[in-house]
Each structure stands twice: as structure tokens, then as C-alpha cells.
Amino acid sequence: MISVEEAYKIILAQAIKLDTINSPFVESYGKILDEDLFADRDFPPFDRVMMDGIAFDYLTFQSGQRRFKIEGIVAAGAETQSLKERQNCLEVMTGAVLPGNTDAVVRYEDLEIENGVATIKLDNINQRQNIHAKGSDRKEKDLLVAKGKKISSAEIAIAATVGISNLKVKRNLKVAVIATGDELVEVDVKPKAYQIRKSNVFCIESYLQNLGVETQSFHLLDDKKSMQEKLRKLKNEFDALILSGGVSMGKFDYVPQVLEELGFEKLFHKVKQRPGKPFWFGKSLEGTCVFGLPGNPVSSFACTVRYINPWLTKVQGLPIKPSYAILNEDFKFKPDLSYFIQVKVECTPGGFILASPYNGNGSGDFANLSEVDGFLELERGKNLYVKGEVFRYWGFR
Ligand code: AMP
Ligand code: MG
């Protein structure tokens, strides 16, 4: 049996190559950018007026003149214009191109306008005030977003601005989420007294989809032959298989045996943790990873959050950013196992993240999950975990 840290290292070492595909930029939220984005022109592309008001010649103002005859109006989107007489001004709107022969803008709030003449009510102004200079944000050909970034709304705005309607992105990971067990029935079926509805696959699928994974779900019975046939086929169609159930000590827990018979290499079986001790992990010769999670809903979900999430982050080439929280009450736990305790978290006005244990009835008690925000990892090696100590936090909301 290996430690949580060892299991984590083994999982993170399994790389998967994600090829480049094209994606309409508006559908690229959450995907990984697989090209550099450059400025196709200066930003802003022209001296941009930043306030609604008037534009005029600064030196004319400096010489003492305060009353400016209005020559005309320049709207945003209008072609470039020029001031004809140095004593005059042009009304300008935010987003307009700064007119030629002008180099200062004063906003309407600081003006009085009467009979086509604007009077400036200020004594001091600066040359080029309220002007957003051409190229002052970024120059043409500057790198705006580097390859490898996870696309957020900010990158979608940048793609739009530089005129890229199709982005090169990494393809999504394809994962099969597989329930095992003769006792499981479909969601819309009324279970017999000895049956239960399957829930794990939907829990895991929805979680993974939210992380940009393409999933498909399957159900295998506790029968060696059919399990073998199905898994042989699935291992060639997916980057990873996530099985739930069938990895413990039961007479019908065939998953480890079947996987090894199919040529999967076992990288570990059993981890010093609760929940999720019977966790099996391996890979095929072709590199398909298999996560054999225990069937208990809390166990399989805890393993998904604790191991599969960071593995996906690594596969996507993104940095893994650990979270931490402060244990908010003393907690006793005797076994020599790391304990993923279910916690509610709150951020205090002082900026501390407090994690309050909210314990249910063990790893079968999935209803408890709805009351909590994530798992606090109480590392093995102690019996008493003291209020105020800091631990790794694995949130799922
Ligand atoms: P196992 O790991 O196969 O021994 O299953 C442990 C427990 O989890 C059993 O009570 C199963 O009925 C339950 N279980 C297994 N798979 C699922 C599933 N997909 N959804 C809900 N419960 C499950
Ligand atoms: Mg089972």
C-alpha cells in the first residue's frame, strides 16, 4: 500500500499528448490556446479621444484664450478630421480619432457652451490630456497571449480585437466513465428492493465536463467475460478510463484481475487514505490510463477531486496551484491513513480560509456532499489534528 503523495506522483507522471484543433473563438472558453496571439495593429490604433467634450490646440489655451468657436463635431467611427483655425475647437466624442492640429481634450463637465462657442472653466490643463495615445497599450506585432494559456473571457476579447475568429486549441481529453455492479440500475428505473440507482458516473462526468473533458458513460456487470470484452474495446477509444466499483476484496470485484489480463500495467493498488483505500491505477501499452476507483460515491468523488483533477491540469500543460485552509476545530483520527475530511469553507474578513468539518456517515453517505464545499487533506502520521493547523484543501465547488 502506498502513500497519497506516492500515488499522486505516479499519476502525474502519466502524460497524454493532446493534438491541435481549430475552434471558433466564441466556443473556446476553457480550452487551452495552442498558438501565440499577436497584435495585428497598434493598440489603440489611433490617438483616441477619451472624454466627450472639445479638442483644441494646447498652445492657444496656454496663450490665455478660453473661448473657442466650435468648427464641427467628430463622432466615434468618423473619418479623421483636422481643425482648420488654431483659435477654434471641434466637439469630439469618446472613441473618436483625435482631430489633426489638436492636442488636448476638455470634457463637457468643464465647459460652458453658448451660441456655438465653448468656454473652458479651467485654469490649468495638460498637453495631451484625455488622449489615449496610439500604440500606448501595445505595439503592432507585440505578443498579447502566449500559447498554453487557458482561454477565459479576456482571451476571447483579445481574439476578437485582433480579428482571429478561429483559434488553434488543444483537443479535449476523451474519458470513458464506467460504472460496475450488478446492483445498479438506470436513473429513470424504479429500483427493486435489492438494487440502487447508479449515481457515481453522473457525478464524475459532470465534474469532468466542467473541466473541459469529453465524457461518455458505460455500465459493466460483475461478470469477467463481458467486462473483458467491453474494456478491450474501450481502451482503444479513450485517453483514459475511469471505473467505479469492483476494486475491493469482494468475491465479484473483478476489475483489477480483468485489467491485468487485458495487458494493463498495474502502477499501484491501494492507497493509505480514507476514503478511497482500494484505488487501483494503471496504464495500457498504448498509454491509456485507468483509474479504478472504489464504488462508494464519496470515495470515487474524493479520488476524482484529489487525483484526477490535478492530472488533467498537468495534461493540459497548466500549472497546478495548490489551495490551503485552516482546520476550524480539533479532529481525532486514529488509523495510519490520510483522511480526506469533508469540510465547509468560509473566508473570514481577515482573509483566512477556515475549513469546518462536516462529517457524514462514511463513504457511502453521498447526501452529505451537498452540505460541504470540498475535502481537507489531514495527512497521516498523527492522531490529533488541532484547530488552527493548515492543510491542503481540495474544493469541488
Ligand atoms: P464496490 O466498490 O463495487 O464494492 O461498491 C461499493 C459500494 O458502492 C456498493 O455499495 C455499491 O453498490 C456502491 N456503488 C458502486 N458503484 C456505484 C455507482 N455507480 N453509483 C452509486 N453507487 C455505487
Ligand atoms: Mg461492485
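Everything below is about the structure printed above this text.
Counting from 1, residues in each chain are numbered in the order their sequence is written. All chains are assigned letters beginning with A, and all ligands numbers beginning with 1, in the order in which they are written. With the structure being a predicted model, the display of local features is reserved for residues of pLDDT at least 70 and the display and counting of side-chain atom pairs for 80 or more, all residues being used for whole-chain, interface and lining totals. Side-chain numbers here rest on the full set of heavy atoms in the structure, without hydrogens or water.

> Give a description of helix H1 (residues 4-12) that names residues and reports values.
Burial here depends on accessible area, computed with a 1.4 Å probe over protein chains only, as a share of the maximum for the residue type. Under 20% is buried, over 50% is exposed, and the range in between is partly exposed. Each helix corresponds to a stretch of at least 4 residues labelled H or I by DSSP, and each strand to a stretch of at least 2 residues labelled E; elements are numbered beginning at the N terminus. Here H1 has its buried residues at Val4, Ala7, Tyr8, Ile11 and Leu12. Across the axial projection of H1, the buried residues extend over an arc of 130°, all falling on one side. Throughout, the arc means that of the directions going from the helix axis to the C-beta atoms.

> For the sheet that holds strand S7 (residues 104-107), give the residues involved together with the corresponding values.
A pair of strands is labelled paired if DSSP reports no fewer than 2 bridges between them. Read from one edge of the open sheet, six strands run S7-S4-S6-S5-S9-S8, paired in mixed fashion. Among the strands making up the open sheet, the edge pair consists of S7 and strand S8 (111-114). Direction aside, neighbouring strands of the sheet carry axes that sit 40° apart on average. By the bridge criterion, four bridges tie strand S4 (residues 53-56) to S7 in an arrangement that is antiparallel. Of the residues in S7, the one forming a bridge with Gly53 is Arg107. Note on definitions: angles span 0 to 180 degrees between N-to-C directions of axes, and those axes are lines fitted to C-alpha atoms, for helices only across the stretch in contact.

> Can you explain the pattern of salt bridges? Please cite residues and give values.
A side-chain nitrogen of Lys or Arg and a carboxyl oxygen of Asp or Glu constitute a salt bridge if their distance falls within 4 Å. If you walk through the whole model with that rule in mind, you get 13 salt bridges. Across the pair Lys134 and Asp42 runs a salt bridge whose closest N-O atoms are separated by 2.9 Å. One end of the pair, Lys134, is in the loop between strand S10 (131-132) and strand S11 (143-145); the other, Asp42, is in the loop between strand S2 (37-38) and strand S3 (48-49), and 92 residues separate them in sequence. For Lys134, a relative accessible area of 44% translates into the label partly exposed. Across the pair Lys233 and Glu237 runs a salt bridge, and its minimum N-O distance is 3.3 Å. By relative accessible area, which is 49% here, Lys233 ends up partly exposed. The partly exposed category is assigned to Glu237, whose relative accessible area is 36%. Linked through salt bridges whose partners overlap, the residues forming this network are Glu5, Arg306 and Glu377.

> So what's going on with the side chain of Ser338? Which residues, and what values?
You can see Ser338 is positioned in strand S24 (residues 338-347). Contacts described as polar in this section are N or O atom pairs within 3.5 Å, which, within protein, must combine one atom able to donate a hydrogen with one able to accept it, while residues neighboring in sequence count only if both atoms come from side chains. From its side chain, Ser338 meets the backbone nitrogen of Arg380 in a polar contact 3.2 Å long. When near neighbours in sequence (up to four residues on either side) are disregarded, Ser338 contacts Val4, Lys272, Gln273, Arg274, Leu378, Glu379 and Arg380. Any pair of residues with heavy atoms lying within 4.5 Å of one another is described as a contacting pair.

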